[in-house]
Every structure is written in structure tokens, then in C-alpha cells.
Amino acid sequence: MAPQFVSYVKLISYMKRLLPKEGDVIMSDETTGADKSYSAPALEKGLDILESLAEKESAVSLRELAERLGKSKNEIFRMIHVLIARGYVQRDSDTDELTLSPKLFALGLRTPQSRTLLEIALPEMRTLAEAVNQAPHLVVLYRGRTVIIGSIPTNSDVTFNLHLGYGRVASEAASGRVIMAFQPEEKRALMLRDCQNHGAKPFDGIAINAILDGVRRQGHILGKSTDFLGITDICCPILNFDGDAVASIIVPHVDRVSDTDDLTQVLDAVKQTCERISQKL
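Residues numbered from 1 in each chain as written. Predicted model: local features only at pLDDT ≥ 70, side-chain atom pairs only at ≥ 80, totals over all residues. Heavy atoms only, no water.

### Observations concerning the overall build of the protein chain
Test applied: Helix and strand assignments come from DSSP, with helices taken as H or I runs of at least 4 residues and strands as E runs of at least 2, each series counted from the N terminus. Only protein chains enter the calculation, and the probe is 1.4 Å; a residue is then buried if its accessible area is under 20% of its type maximum, exposed if over 50%, and partly exposed in between. Here, two residues are considered to be in contact whenever any of their heavy atoms come within 4.5 Å of each other.
Within the protein chain, the secondary structure is distributed over ten helices and seven strands. Looking at the protein chain as a whole, 44% of its 281 residues are labelled buried. Sequence separation of 24 or more characterises 58% of the internal contacts of the protein chain that already satisfy a separation of 6 or more.

### Regarding a negative patch on the surface
The criterion, for reference: Residues with no salt bridge and a relative accessible area higher than 30% make up the patches, which join like charges within 9 Å and nonpolar side chains (Val, Leu, Ile, Met, Phe, Trp, Tyr) within 5 Å. Only the protein chains shown count as covering a residue, and every accessible area follows the Shrake-Rupley method with a 1.4 Å probe. The salt bridge definition used is simple: a Lys or Arg side-chain nitrogen within 4 Å of an Asp or Glu carboxyl oxygen. For the purpose of charge, His is not counted, nor are the chain termini; Lys and Arg are scored as positive and Asp and Glu as negative. Just so you know, the charge point we use is NZ for Lys, CZ for Arg, CG for Asp and CD for Glu.
On the surface, Asp92, Asp94, Asp96 and Glu97 cluster together into a negatively charged patch. Relative accessible area serves as the criterion here: at 72%, Asp94 is assigned to the exposed category.

### What about the pairing of strand β3 (residues 137-142)?
The condition that has to hold: Following DSSP output, two strands are said to pair if at least two bridges run between them.
The buried count for β3 comes to five of six residues, which makes it a mostly enclosed element. Pairing between β3 and strand β4 (residues 145-151): six bridges, direction antiparallel. Within β4, the residue paired with Val139 across the bridge is Ile148. Where β3 folds back onto β4 in an antiparallel hairpin, the turn is made up of two residues, including Arg143, whose phi is positive at roughly 50°. Summarising the sheet, β3 and strand β7 (residues 245-254) pair through three bridges and their orientation is antiparallel.

### Brief notes about the sheet that holds β7
The criterion, for reference: Lines fitted to C-alpha atoms define the axes here, with helix axes fitted over just the stretch in contact, and angles between the N-to-C directions of these axes take values from 0 to 180 degrees.
Spatially, β4-β3-β7-β6-β5 is the arrangement adopted by the five strands of the open sheet, whose pairing is antiparallel. Strands at the two margins of the open sheet, each flanked by one partner only, are β4 and β5 (221-224). Each strand axis lies, on average, 30° off the axis of its neighbour in the sheet, ignoring direction. Relative to β7, helix α7 (residues 174-181) is tilted by about 150°, and along the sheet it contacts β3, β4, β5, β6 (231-239) and β7.

### Description of the confidence of the model for the protein chain
To be explicit about the condition: Per residue, pLDDT measures the predictor's confidence, with a range of 0 to 100.
When pLDDT is averaged along the protein chain, the result is 81, and 79% of the positions lie at 70 or above. Of all helices and strands in the protein chain, the one with the weakest mean pLDDT is helix α1 (residues 9-18) (50), whereas α7 scores best (96). Between residues 1-8, whose pLDDT stays under 50, and residues either more than four places distant or in other chains, the model counts 33 contacts. Ignoring residues within four places in sequence, the model shows residues 18-36, a span with pLDDT below 50, making 25 contacts including any to other chains.

### A short note on unusual backbone geometry
The phi dihedral of Asp96 falls on the positive side, at around 65°, and the residue is not glycine. With respect to the helices and strands, the residue Asp96 is situated in the loop between β1 (89-91) and β2 (98-100). The phi angle at Asn133 is positive, at roughly 55°, despite the residue not being glycine. Structurally, Asn133 is set in the loop between α6 (112-132) and β3. For Asn133, a relative accessible area of 39% corresponds to the partly exposed category.

### A closer look at helix α9 (residues 205-218)
Keep this limit in mind: By definition here, a helix of n residues has an expected span of 1.5 Å times n minus one. The arc in question is the one traced by the directions running from the helix axis out to the C-beta atoms. Residues adjacent in sequence count toward polar contacts only when both atoms are side-chain atoms; beyond that, a polar contact is any pair of N or O atoms within 3.5 Å, and within protein one must be able to donate a hydrogen and the other to accept it.
Helix length check: α9, at 14 residues, gives a terminal C-alpha distance of 20 Å against a target of 20 Å (1.5 Å per residue), a fit within 8%. Within α9 the residues assigned to the buried category are Ile208, Leu212 and Val215. In a view along the axis of α9, the buried residues occupy a sector of 55°, so they form one face of it. Looking at α9, the residues exposed on the side facing more than 90 degrees away from the buried face are Ile206 and Arg217. Tucked into the core, α9 has its buried residues touching α7, α8 (185-197) and β5. N-capping of α9 is provided by Asp204, with a side-chain oxygen placed 2.7 Å from the backbone N of Ile206.

Dropping the structure here:
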């Protein structure tokens with residue numbers, strides 16, 4: 001379950017950066033020149049637990065979690081119970097293993113930036129889904145991984161829909177490549193470094209940049225999925241004022257034997273949808 005929440009580790013990391021570190025000095029009106037240090041070890045411990053769970057690809061036992069954090073089970077026992085009670089962590093009743101709940105993911109979607117993108121994109125995506133009878137997905141990047149933050153199902157008898165939060169290493173995903181293709185050189189380099197840190201298949205920097213340059217010149221990706229059989233990825237970027245991609249929309253088109261769809265028409269529909277969203281952003 002962890003991959004679907006990894007994008008919102010950003011929320012946790014941001015909160016941690018706001019916390020004073022040991023030895024930091026915070027001045028207030030009451031100090032009147034006297035140094036005073038503050039710390040919040042319990043809060044930091046809770047954030048460490050959430051981050052660790054978010055990075056795991058499967059449920060973990062309390063003992064394994066404690067070992068990952070370099071603490072004893074007793075040290076985190078009460079914190080785990082609080083996080084379960086508040087709905088941030090789930091415990092399997094059969095195995096007692098721990099995973100993140102959807103609550104953290106939902107909090108991330110409530111941030112102003114995510115709300116704005118979703119509020120603008122979802123109505124346009126709904127129109128797109130009705131036009132092409134396929135399920136469009138809204139994708140962003142976080143630390144080298146794609147994350148689906150919105151999707152529109154269709155009434156088609158057969159459709160391909162990925163759950164919210166699904167993600168892959170960006171360098172291996174069409175939606176990730178489209179986003180990275182439309183980035184300044186330095187930012188793209190950082191994104192590719194993040195991909196390697198996530199355990200991506202080793203790639204030649206020159207080769208992958210040549211691929212991304214080709215995607216940028218073309219303006220989209222239309223090709224067989226690199227992850228699923230019978231799927232053609234149709235993906236275009238959503239751009240900001242500077243022409244940098246803030247997200248992408250991908251339609252995983254289900255290829256049927258009797259299919260006579262003109263995929264260039266589907267591509268045009270996706271491209272026009274992304275352009276309208278870009279203008280509204």
C-alpha cells in the first residue's frame with residue numbers, strides 16, 4: 001500500500017523542516033535577549049513513523065518498524081496506538097502488521113495547490129472521458145515517482161483505471177517522461193537523480209535525455225505501454241506560464257482486437273484538454 005502514499009511524504013517532510021532541531025534557538029518577545037531552545041521529540045517520532053511506513057512497499061510488523069527507526073518497540077508503542085486511533089495508520093487484525101491509511105493521502109489532496117489543479121482539471125477530464133470513452137488520469141511527480149491524483153472512470157464495458165496514489169519510477173513511465181521532458185535542464189537533472197535514488201533500472205544519462213528531448217519536440221507520447229500488455233499510452237503535459245510541466249494527463253487506451261478507434265483523434269482530444277487546463281491555471 002505504501003507506494004500510493006509516497007507522494008504525500010512531502011507533507012510530512014515539510015512539517016519536520018518546520019520543527020526546531022536540537023540546539024536551534026528561537027527568539028520570542030518573552031526571551032528579551034535570552035536564548036531559549038525548543039524541541040518536539042514526540043512529534044518528530046510520529047513523523048518518522050509515518051515516513052518509514054510510506055517508504056515501505058508492504059505492511060510491516062511493529063518490531064520491523066522499530067528496527068528501521070533504530071528504536072525499541074516500547075519507544076514507539078504508544079505513538080503507534082495514537083496514530084491508529086487518529087486514523088493515520090491501519091493494523092491488520094490477523095497479523096498485527098501496520099500500513100498507512102488513506103487519510104494522509106486525502107490530506108495531501110486538500111492542500112491549496114492540489115485543490116486548484118484538481119478543481120480545474122477534473123471537469124475537463126470528465127468531458128474528455130465522455131469524448132474518448134476511456135479513463136483519463138491526472139499525474140504529478142514527487143521525488144522521482146509518478147503519482148495519480150485524479151482519474152475519471154467511464155461507462156465503457158471495458159476500461160483501464162489505476163487507483164489514486166498509484167505510482168512508478170518516473171523515468172520508466174510515459175506520464176513521468178512527459179513531465180520531465182518539459183523541465184529546465186537543471187530541474188530535469190534533479191528529477192533523474194531522484195529516479196535513480198528510487199531504484200530505477202540503470203540508465204545512460206545521455207540516452208534518457210535524448211528520449212526526453214524527443215518527447216518535448218513531439219509534444220506528447222503515443223505508444224505501447226511499457227508496463228501493461230494491451231494498453232497504448234496517450235499522454236500530454238499540463239504547462240505553467242513558463243512552459244514547464246506541472247502535471248500530465250495520460251489515457252491508458254485499451255487495445256481491442258475489433259477496435260477501429262483512430263488514436264490520433266484521441267491524442268488530439270487529450271492535447272486540447274491539457275491546453276485548456278494550462279490556460280485556466
